[in-house]
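The primary structure of each chain is shown beneath.
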Amino acid sequence: MAQVIALMEQIPEYDAVDSVAEIRQRLYDKRILLQLLYVEDELAGFNLGYALDEQRFYSWLGGIAAEFRGIGLAKKMLLAQEQWLSANGYQSVQIKTRNKFRTVLNLLIRNRYQVVDFTPVADDISQHRLSLQKQLNPSNLAHRAS
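Residues numbered from 1 in each chain as written. Predicted model: local features only at pLDDT ≥ 70, side-chain atom pairs only at ≥ 80, totals over all residues. Heavy atoms only, no water.

J.: Would you explain a negative patch on the surface in this entry?
T.: A surface patch of negative charge is lined by Glu40, Asp41, Glu42 and Glu67. Among the structural elements, glutamate 40 can be located in the loop between strand 1 (32-39) and strand 2 (42-51). (Patch = residues over 30% accessible without salt bridge, like charges linked within 9 Å, V, L, I, M, F, W, Y side chains within 5 Å. Areas by Shrake-Rupley, 256 points an atom, 1.4 Å probe, with all protein chains shown as cover. Salt bridge = Lys/Arg side-chain N within 4 Å of Asp/Glu carboxyl O. Lys, Arg positive; Asp, Glu negative; His and termini not counted. Charge placed at Lys NZ, Arg CZ, Asp CG, Glu CD. Helix = DSSP H or I, 4+ residues; strand = E, 2+ residues; numbered from the N terminus.)

J.: How should unusual backbone geometry be read in this particular structure?
T.: Most peptide bonds take the trans form, and the phi angle of most residues other than glycine is negative. A positive phi angle, close to 50 degrees, is found at glutamate 40, a residue other than glycine. With a relative accessible area of 77%, glutamate 40 lands in the exposed category. With phi around 65 degrees, aspartate 41 is a residue other than glycine that occupies positive phi space. By secondary structure assignment, the location of aspartate 41 is in the loop between strand 1 and strand 2. Owing to a relative accessible area of 79%, aspartate 41 belongs among the exposed residues under this scheme. (Buried < 20%, exposed > 50% of the residue type's maximum accessible area, 1.4 Å probe, protein only.)

J.: I would appreciate a short explanation of the sheet that holds strand 5 (residues 114-119) in the present structure.
T.: In sheet architecture, strand pairing relies on hydrogen bonds along the backbone and comes in two forms, parallel and antiparallel. Pairing is mixed in the open sheet, where 6 strands are placed in the order 1-2-3-4-6-5. Of all the strands in the sheet, just strand 1 and strand 5 have a single pairing partner and so form its edges. Strand-to-strand twist across the sheet, computed as the mean angle between neighbouring axes with direction ignored, equals 25 degrees. The pairing of strand 4 (residues 92-98) with strand 6 (residues 129-135) spans 7 bridges and is antiparallel. (Pairing = 2+ DSSP bridges. Axes fitted to C-alpha atoms, helices over the stretch in contact; angles between N-to-C directions.)

This is the structure:
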C-alpha cells in the first residue's frame, strides 16, 4: 500500500492522499483487487477496487503517472480489470469520477460505461460527480480484448 500512496502523491489529480491506515480501514473485510502496472521495473500505474457484494464491484482509486500517460496503459488496466471481474463472477463494475477528469470520462464512455447518477457540487461544474457503471458480459470482454 505504501507504494500506491507514493504513486498517488505523484499523480496531480489527487489533491489529498489518504493515509495507508485510512485506505486499509475502507478496505477492511472486503474482497479487493489491486492492479500494479510496471514499465521497465518502475511503478507506472495502479487500480484499486473492492466488491460491493458478490455481483457488483467498485473501482475506487487508480491512475497513471504523468510520464507514462498517452500510451494506452489505462485502457489495458481497465480491460484487465473487467476480464478478472467477469472471470470471478461479477456482473457489473461501478466507478465515480468528476466532470473535470475528461480523459477518464472519455476512456470510460469509449469502453461502454454508462452514467447512472450525477451529483452537482457547489457552483463549479468541473467538480460535479458522475457515477458510471458497466454490465459485464463475457462475450463482450472477449471481443474488446482482441
